[in-house]
Amino acid sequence: SHMNPKAEGKGVPFDLSLAFHTDAGITPNDSIIGTLAIYTLICEGSRKLPDGEDRILGRVMANDIQSQVVSDLRAQYDTAWSRRMLTDRSYSESRTPPVPSMILELLSHQNFADLKLGHNPRFKFTVARSVYKSILKYTATMHGTDYVVQPLPVSNFSIAEGSKKNTFRLSWQAVDDPLEPTAKAREYIV
């Protein structure tokens, strides 16, 4: 692909690499550990990716993803959710991919305060959506395009018998996303 022109492959243009971890440390008082982001600036003595771009793009991506995740978690769960370091370290997951790459240390699975949120399905949804939104925004910026975030799932879905034989009436309510203004449904496909 254009991202890794000297390697054999199928020509798939991967834009980034993200490793997702949950081992961000421990604290003696069981307060929130929070989210850490790791990128690597130097690989084999060079700051260049195979396509010639600067590896600083990994730092940009790490900052964008960490910022979005922490912002969304603070808005929806805990205003004390910690934004930890954005750090340059030489870990395989952030050093070896031929594209901008990072490790997102979301929380600490060794820490009760983090993990009691980490097991909450709504928390998991918020984290997944935050990562999705930040990747979407990052890739849109890298390609110079606009983006629209997927709207939230509808609520209060119901099916009722219609007024005519063998017909049914489907109804639902749109759900606004106060954290993302572009996430507005224009239509629904049933």
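Residues numbered from 1 in each chain as written. Predicted model: local features only at pLDDT ≥ 70, side-chain atom pairs only at ≥ 80, totals over all residues. Heavy atoms only, no water.

Trainee: An account of the packing of aromatic side chains is needed here, citing residue identities and associated values.
Mentor: Taken as a whole and assessed by the stated rule, the structure comprises four aromatic pairs. With a centroid separation of 6.4 Å and 15° between ring planes, the pair formed by Phe157 and Trp172 is classed as stacked. Here Phe157, found in strand 5 (residues 155-161), pairs with Trp172, found in strand 6 (residues 168-173); they are 15 residues apart in sequence, far enough to count as distant. Residue Trp172 is classed as partly exposed on the basis of its relative accessible area of 27%. Among the aromatic residues, those joined into a ring-pair cluster are Tyr77, Trp81 and Phe123. (Phe/Tyr/Trp six-rings, centres within 6.5 Å; stacked < 30°, edge-to-face > 60°. Helix = DSSP H or I, 4+ residues; strand = E, 2+ residues; numbered from the N terminus. Buried < 20%, exposed > 50% of the residue type's maximum accessible area, 1.4 Å probe, protein only.)

Trainee: Mind laying out the nonpolar core, listing which residues take part and the relevant values?
Mentor: Of all hydrophobic cores here, the largest spans 23 residues; its most connected members are Ile65, Val69, Leu73, Trp81, Met102, Leu106 and Phe123. Within the residue set of this core, elements represented by two or more residues are strand 2 (35-39), helix 1 (56-76), strand 4 (101-105), helix 3 (112-118) and helix 4 (121-143). Broken down by element, the residue count for this core peaks at seven residues, all from helix 1. Residues contacting Leu73, with those up to four places away along its chain left out, are Asp78, Trp81, Leu106, Phe123, Thr126 and Val127. (Core = buried A, V, L, I, M, F, W, Y, C linked by side-chain atoms within 4.5 Å. Contact = heavy atoms within 4.5 Å.)

Trainee: A description of unusual backbone geometry should follow, citing residues and the corresponding values.
Mentor: Phi at Glu44 takes a positive value of approximately 50°, unusual for a residue other than glycine. On the secondary structure map, Glu44 appears in the loop between strand 2 and helix 1. Given a relative accessible area of 80%, Glu44 falls into the exposed group. Positive phi is not limited to glycine here, since Asn166 has a value of about 60°.

Trainee: Residues and numbers for helix 1, please.
Mentor: With 21 residues, helix 1 extends 30 Å between its outermost C-alpha atoms, agreeing within 8% with the 30 Å of an ideal straight helix rising 1.5 Å per residue. Of the residues making up helix 1, those classed as buried are Leu57, Gly58, Met61, Ala62, Ile65, Gln66, Gln68, Val69, Val70, Asp72 and Leu73. Buried positions along helix 1 lie against strand 1 (17-21), strand 2, strand 3 (83-88), strand 4 and helix 4. (Expected span 1.5 Å × (residues − 1).)

Trainee: Explain the confidence of the model for the protein to me, using residue names and the numbers behind them.
Mentor: The predicted coordinates should not be examined in detail at positions where pLDDT is low. Across the protein, the average pLDDT comes to 92, with 99% of residues at or above 70. Looking over the protein, one finds the lowest element-wise mean pLDDT in helix 3, namely 88, and the highest in strand 4, namely 97. (pLDDT = per-residue confidence, 0-100.)

Trainee: Mind laying out the sheet that holds strand 2, listing which residues take part and the relevant values?
Mentor: The sheet built from four strands is open, its strands ordered 1-4-2-3 with mixed pairing. The open sheet is flanked by strand 1 and strand 3, the only strands paired with a single partner. When the angles between neighbouring strand axes are averaged without regard to direction, this sheet yields 15°. Summarising the sheet, strand 2 and strand 4 pair through three bridges and their orientation is antiparallel. Of the residues in strand 4, the one forming a bridge with Leu36 is Glu105. Across the sheet, helix 1 is in contact with strand 1, strand 2, strand 3 and strand 4; its angle to strand 3 comes to roughly 170°. (Pairing = 2+ DSSP bridges. Axes fitted to C-alpha atoms, helices over the stretch in contact; angles between N-to-C directions.)

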